[in-house]
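These are the residues of each chain, in order.
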Amino acid sequence: MKLSTYNFLTSMAIKGVKVGYPLKLTINKKEVVETEFNATFVERLLPKLDWSAIYSAAQVVELTDDIPAVQPENIAENEQLMQKLHHLLFEIDVLDGQLECPETGRVFPITDGIPNMLLNEDEV
Amino acid sequence: MRLNLTAVSSPSPIHCQLEKMIATHVSKPKKVDKKKRRCLAIIKADYNVTESETPTIFLAILNAGLCNGLTEETLLAKATAHGKVSQVLMLASKSYCFLKCASIADAESIFLAMHNVSTIGQHGAVCYLSYVTGIPQLEAVENDWNKPLPKGLILLTDFITEEEESALLKAIGNDSRSNEGNMKNRRVKHFGYEFVYGSNNVDSTKPLECRIPTACDFLWPRFRQAAAENDLQGLDWTQPDQLTVNEYEPGHGIPPHVDTHSAFLDPILSLSLESDVVMEFRRGSECTPLLLLRRSLLVMSGEARFDWMHGIRPRHLDWLPTATVSLTMEPRRKRTSLTFRRLRRGPCHCQFPTLCDTHQSTAPKLLMDTLAKQAVSLEQQNVHDVYNKIANHFSDTRHTPWPKVSDFLHSFDPQSIVLDVGCGNGKYLCCNSQLLAIGCDRSQGLLGVCNSRQQSVFRCDCLQLPIRTASMDGCISIAVIHHLASSERRLTALREMARILRPGGRALVYVWAKEQRRDNNKSSYLRQNKAVNKERTTEQAQRQHQAAQLEHKINPPHVSLPVHTNRTEFQQQDVFVPWKTKDAEHTTFLRYYHVFEEQELERLIADVPEVFLIKSYYDQGNHCVIFERAVS
Ligand SMILES: [Zn+2]
């Protein structure tokens, strides 16, 4: 699971959950796959991403020195930050770990790089 | 006397390949001998039939058979010119065949005349014959003149006189008002009501201007008279209101079919004019020929009308049994048949479900309720479990993106985020590299395929997308929600897609259409049914065949639904579609589908208040919609 995907995932489908976001991420095993940096791609994507989940992902992979808790203004002009974001969102692949609902603690395992967000019938 | 014309399927066409290499032109004795031995070895291996040193009544044609294009007609035409033949045995996908002759003298004469002489082999190659000790004894004898006729099938000979025959022909020929058309192999006219071949039904609200010609009126009292004389008063002899006239030139035929149950009542009456023809009646592997004599009336009632198909092979010659132990061939002449029927104007209530369109198409409320109640377990067993088991094979068959889906994906601005709901093997995730495409599916097996291709995927149910509200620029869901077993669930899936779209975001949804033809064009799904398209068989025959095949092969699913026959038109909306694995076991899995009626998808979209319909279209057997999330 790329951390760009993580940015969109929620546990709001669980009965009684109000927001379910961001999910609490735990990484047991990850892989870094270098991909070509495209500043425009990251720039245009940013408005569609949620910064709080970007930051929580950065905390897990210990990149908070590079990525601030609050989205800085004129971010596109900060080439270095853009590169870090690219690395965070597209180069880190979570192979094994879990996502946890912030409200109920329900755990969604990530196995072989695929998060299993399937809910049981009685959870919805 | 038994006279069998047999065609049965048999294993491995591999020998055909070998034969093609062996067959050449008239050959020297030594070469001939060598080839004969090789062919005989194959026949011995296949059927344990061996060569006889001395003449017998059994002849094997060693290097020509069905698989290299030899027809029964060609063979009989050649052989019967030299001697009497009492049985022909052609074997499916075999490059040899057999003749049983009336006597040893007949066999010798045929052998002398044809062996290493007759050029009936592939591409005009000379054929080799050999006396054999017998011919394969096959359990399934498909065609047998001595078998009793199907129940309810009656032939009343000399039903009309020659004078009456010419009067009828004149009356029909002169009636220029009639509704005339050309079928692939015959000329057809309708009186009373038109039979529409696309829908295989009549429109009872649209009677034709031209009623059944009054020249036919003398037939009605005669029907009743014949009924009394033949103890057939139990049948309904009310005056027919629909007449179909078929004109067959030699070589013309009509594929095996059953007259649509819901269209017409029982019985169906057919008068043969101008010449005789052999009609074949089929049910599963059973086949009974019947010689329809000129001026006879065929009565198809009960089982014969509802459970058997009837057809005429497109041939120039019919072979018939004679009083002596032999076959004769009769060249066909022009024939006209008058089929009299009465419209049913309602559902059929027969006791023969296999070919009954009413039985197949009724989706009563009860079924919908059952489906809704059992939806979760049905989808689990007959969708999710199946896709997991067939994931790799399924993925291998799904490479090419459909062009219109690809167009849709290319209609987004670069860096748009698109979710593929039910992404399968992820073939649409890499369609447009300018997008951030994320996929989700129920099947772990298929997700594994995506993941191995470095695609971003997660596992979920399309009824609960674990995705932030209003976060997606686009969404596609191709061939997914037709796997949901209730209309409520199908609607829920659409609502979920609507929810995750940002205002102005667009979604494309494809579902399988019940209707697999548009404007008389078959969908690509139907076009792949080569056997039907080349008129080697019919959809009905394939259905019968499959019903027989599946009878013991499948564990009955817990919800009873009809099993659809692949590459044929859908008979009903909620069906199991078989998936046969390609491995040695040929396991058949049943996938549940709800195929959509026209406008059904649009009606569901209308129930999703957050979105509006941009476009709906029909694409190769699928109903498709594009909708947009409103800016509120
Ligand atoms: Zn019926």
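A quick note: this is a predicted structure, and the numbers were derived from the prediction, not measured.

## Details of the overall build of chain B
Then comes step 1: Each helix and strand in chain B was counted, giving 16 helices and 31 strands.
Then comes step 2: The buried share among the 632 residues of chain B stands at 55%.
Then comes step 3: In chain B, once contacts between residues fewer than 6 apart in sequence are set aside, the share between residues at least 24 apart is 71%.
Then comes step 4: Roughly 27,500 Å² of accessible area belongs to chain B as shown, and the carbon and sulfur atoms make up 51% of that amount.

## Some words on the coordination of the zinc ion
Residues and elements named next belong to chain B.
Then comes step 1: In the first shell of the zinc ion, the protein supplies H261 (ND1), C348 (SG), C350 (SG) and C356 (SG), at 2.1 to 2.3 Å from the metal.
Then comes step 2: Note that the zinc ion binds four donor atoms; their angles at the metal cover 98 to 121°, and the shape is tetrahedral.
Then comes step 3: All donors of the zinc ion come from a single chain, and their spacing in sequence reads H-x86-C-x1-C-x5-C. Residue H261 is found in the loop between β12 (254-257) and β13 (268-273), and its partner C348 is found in the loop between β20 (335-341) and α8 (357-361); the two are separated by 87 residues along the sequence. Across the pair, exposure class does not vary: H261 and C348 are buried alike.

## Focus: the side chain of T565 of chain B
Then comes step 1: Within the fold, T565 of chain B resides in the loop between α15 (539-550) and β28 (574-580).
Then comes step 2: Ignoring anything within four residues of it in the chain, the contact list for T565 of chain B reads Y525, Q542, R543 and Q546 of chain B.

## Section: the pattern of salt bridges
Residue and element names in this part refer to chain B.
Then comes step 1: Under the counting rule described, the total for this entry stands at 31 salt bridges over all chains.
Then comes step 2: In this structure, K334 and E274 form a salt bridge, with 3.4 Å as the shortest nitrogen-oxygen distance. Of this pair, K334 sits in the loop between β19 (327-331) and β20 while E274 sits in the loop between β13 and β14 (277-283), and the two are 60 residues apart along the sequence.
Then comes step 3: What makes K334 partly exposed here is its relative accessible area of 27%.
Then comes step 4: Between R313 and E280 there is a salt bridge whose closest N-O contact spans 2.9 Å. Of this pair, R313 sits in the loop between β17 (309-312) and β18 (317-321) while E280 sits in strand β14; the two residues are 33 residues apart in sequence, bridging distant segments of the chain.
Then comes step 5: Members of the salt-bridge network, linked through shared partners, are R187, E247, E274 and K334.

## Things to note about the interface of chain B and chain A
Then comes step 1: Chain B puts 31 residues into the contact, and the matching count from chain A is 28 residues.
Then comes step 2: Both faces combined, the contact of chain B with chain A buries some 2,400 Å², and carbon together with sulfur accounts for 61% of it.
Then comes step 3: Three residues stand out in chain B for area buried against chain A, namely Q415, R459 and R468 of chain B, and they jointly supply 30% of the buried area on that side.
Then comes step 4: Between D473 of chain B and K48 of chain A there is a salt bridge, with the nearest N and O atoms lying 2.8 Å from each other.
Then comes step 5: On inspection of chain B and its partner chain A, the count reaches 12 residue pairs in polar contact (both at pLDDT 80 or more).

## Describing the sheet that holds strand β23 (residues 456-459) of chain B
All names here are of chain B.
Then comes step 1: Ordered by their spatial adjacency, seven strands build an open sheet running β23-β22-β21-β24-β25-β31-β30, and the pairing between neighbours is mixed. For this open sheet the edge positions go to β23 and β30 (611-619), each flanked by a neighbour on one side alone. The sheet shows a mean angle of 15° between the axes of neighbouring strands, taken without regard to direction.
Then comes step 2: Taken together, the four bridges between strand β22 (residues 436-441) and β23 define a ladder with parallel strand orientation. For I438, the partnering residue across the bridge sits in β23 and is S456.
Then comes step 3: On top of the sheet, helix α11 (residues 444-452) reaches β22 and β23; it is set at about 165° to β23, its chief contact.

## What to know about the sheet that holds strand β2 (residues 92-100) of chain A
Residues and elements named next belong to chain A.
Then comes step 1: Strands sit in the order β1-β2-β3-β4 across an open sheet of four strands; the sheet is antiparallel. Looking at which strands have only one partner, the edges of the open sheet turn out to be β1 (24-32) and β4 (114-115).
Then comes step 2: When β2 meets strand β3 (residues 107-111), the two strands line up antiparallel, connected through four bridges. Its bridge partner lying in β3, G97 is registered against I110.

## Some points on the environment of H115 of chain B
All names here are of chain B.
Then comes step 1: Structurally, H115 is set in the loop between α4 (104-114) and β5 (129-131).
Then comes step 2: For H115, a relative accessible area of 17% gives the class buried.
Then comes step 3: On a C-alpha basis, the gap between H115 and L129 in space is 5.0 Å, while along the polypeptide they are 14 residues apart.
Then comes step 4: Discounting residues that sit within four places of it in the chain, H115 has contacts with V32, K36, I110, C127, Y128 and L129.

## Some words on unusual backbone geometry
Then comes step 1: With an omega of -15°, the peptide bond between Y21 of chain A and P22 of chain A qualifies as cis.
Then comes step 2: By the secondary structure assignment, P22 of chain A is in the loop between α1 (3-6) and β1.
Then comes step 3: The peptide bond linking D266 of chain B to P267 of chain B adopts the cis configuration, its omega dihedral lying at 0°.
Then comes step 4: Tracing the sequence through the fold places P267 of chain B in the loop between β12 and β13.
Then comes step 5: Backbone geometry at R567 of chain B places phi at a positive 65°, although glycine is not the residue there.
Then comes step 6: Along the chain, R567 of chain B falls in the loop between α15 and β28.
Then comes step 7: Here R567 of chain B falls in the partly exposed class, since its relative accessible area comes to 27%.

## Quick look at empty space enclosed by the protein
Then comes step 1: Enumeration over the complete set of coordinates arrives at six cavities of 30 Å³ or more.
Then comes step 2: By volume, the largest cavity amounts to about 80 Å³.
Then comes step 3: Of the residues that constitute the lining of the largest cavity, the class distribution is five nonpolar, one polar and four charged.

## Description of α4 of chain B
All names here are of chain B.
Then comes step 1: For α4, every residue scored as buried is listed here: D106, A107, I110, F111 and M114. The arc enclosing the buried residues of α4, seen along the axis, measures out at 130°, which places them on a common side. Along α4, the residues that are exposed and aim more than 90 degrees away from the buried face are A105 and L112.
Then comes step 2: If you follow the buried residues of α4, they end up packed against α2 (29-47), β2 (58-61), α3 (72-79), β3 (85-91), β4 (97-101) and β5.
Then comes step 3: Looking one or two residues beyond α4, the residue adopting positive phi is N116, at roughly 60°.

## Overview of the packing of aromatic side chains
Residues and elements named next belong to chain B.
Then comes step 1: Throughout the structure, instances matching the rule amount to 17 aromatic pairs over all chains.
Then comes step 2: Arranged with centres 5.8 Å apart and planes meeting at 50°, the rings of W220 and F223 form a pair that is tilted. Taken together, the residues span about one helical turn, with W220 and F223 both in helix α6 (residues 219-229) at a distance of three residues.
Then comes step 3: The buried category is assigned to F223, whose relative accessible area is 1%.
Then comes step 4: Residues Y525 and F570 carry aromatic rings whose centres are separated by 6.2 Å and whose planes lie at 0° to one another, so their mutual orientation is stacked. Taken together, the positions of Y525 in helix α13 (residues 524-527) and F570 in the loop between α15 and β28 put the pair 45 residues apart, joining distant regions of the chain.
Then comes step 5: Residue class for Y525 comes out buried when judged on its relative accessible area of 9%.
Then comes step 6: Following the ring pairs from residue to residue traces out a cluster consisting of F159, W220, F223, W237 and F340.
Then comes step 7: Seen from the ring of F412, R506 lies directly overhead, with NZ or CZ sitting 4.4 Å from the centre.

Conventions used here
- Residues numbered from 1 in each chain as written.
- Chains lettered and ligands numbered in written order.
- Predicted model: local features only at pLDDT ≥ 70, side-chain atom pairs only at ≥ 80, totals over all residues.
- Heavy atoms only, no water.
- Helix = DSSP H or I, 4+ residues; strand = E, 2+ residues; numbered from the N terminus.
- Buried < 20%, exposed > 50% of the residue type's maximum accessible area, 1.4 Å probe, protein only.
- Contact = heavy atoms within 4.5 Å.
- Areas by Shrake-Rupley, 256 points an atom, 1.4 Å probe, with all protein chains shown as cover.
- Donors = N, O, S within 2.8 Å, 3.2 Å for Na, K, Ca; no water.
- Tetrahedral: all angles 85-135°; square planar, octahedral: opposite > 155°, others 65-115°.
- Salt bridge = Lys/Arg side-chain N within 4 Å of Asp/Glu carboxyl O.
- Buried area = accessible area lost by both parts, 1.4 Å probe.
- Polar contact = N/O pair within 3.5 Å; in protein donor to acceptor, adjacent residues only side chain to side chain.
- Pairing = 2+ DSSP bridges.
- Axes fitted to C-alpha atoms, helices over the stretch in contact; angles between N-to-C directions.
- 1 Å grid on protein atoms, 1.4 Å probe; cavity = no way out; pocket = protein on both sides within 12 Å on 5 of 7 lines; lining within 4 Å.
- Points joined across faces, edges and corners; volume = space filled by probe spheres on them.
- Nonpolar A, V, L, I, M, F, W, Y, C, P; charged D, E, K, R; others polar.
- Arc of directions from axis to C-beta.
- Phe/Tyr/Trp six-rings, centres within 6.5 Å; stacked < 30°, edge-to-face > 60°.
- Lys NZ or Arg CZ within 6 Å of the ring centre and 35° of its normal.

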